[in-house]
Amino acid sequence: MRSLLYLVAVVLVIGWALGFFVYSAGGLIHILLVIAIIAILLRLIGGKGV
């Protein structure tokens, strides 16, 4: 489950980067970035407890 969360976070970061440099979708791009950061933080926090 942790690897799936990490994969989702990586995909969201890549999507944010592509959207930021290629398209101008405004707030949606920053929402993707925030979701990706939250997913990465959850993985790091959850990984330390194991």
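About the cut-offs
- Residues numbered from 1 in each chain as written.
- Predicted model: local features only at pLDDT ≥ 70, side-chain atom pairs only at ≥ 80, totals over all residues.
- Heavy atoms only, no water.
- Helix = DSSP H or I, 4+ residues; strand = E, 2+ residues; numbered from the N terminus.
- Buried < 20%, exposed > 50% of the residue type's maximum accessible area, 1.4 Å probe, protein only.
- Areas by Shrake-Rupley, 256 points an atom, 1.4 Å probe, with all protein chains shown as cover.
- Patch = residues over 30% accessible without salt bridge, like charges linked within 9 Å, V, L, I, M, F, W, Y side chains within 5 Å.
- Salt bridge = Lys/Arg side-chain N within 4 Å of Asp/Glu carboxyl O.

Q: Sorry if this is basic, but what is going on with the overall build of the chain here?
A: The helix and strand tally for the chain stands at two helices and zero strands. Expressed as a percentage of the 50 residues in the chain, the buried residues total 14%. Looking at the chain as shown, the accessible area adds up to about 3900 Å², and 79% of this sits on carbon and sulfur atoms.

Q: Honestly, a nonpolar patch on the surface in this entry has me stumped. Any pointers?
A: Taken together, the side chains of Ile37, Ile40, Leu41, Leu44 and Ile45 define a hydrophobic patch exposed on the protein surface, amounting to about 450 Å² of accessible area. Mapped onto the fold, Ile45 is located in helix 2 (residues 27–48). The class of Ile45 is exposed, set by a relative accessible area of 61%.

Q: Where do I start with the environment of Val10 in this structure?
A: Topologically, Val10 is positioned in helix 1 (residues 2–21). Val10 gets classed as partly exposed once you look at its relative accessible area, which sits at 32%.

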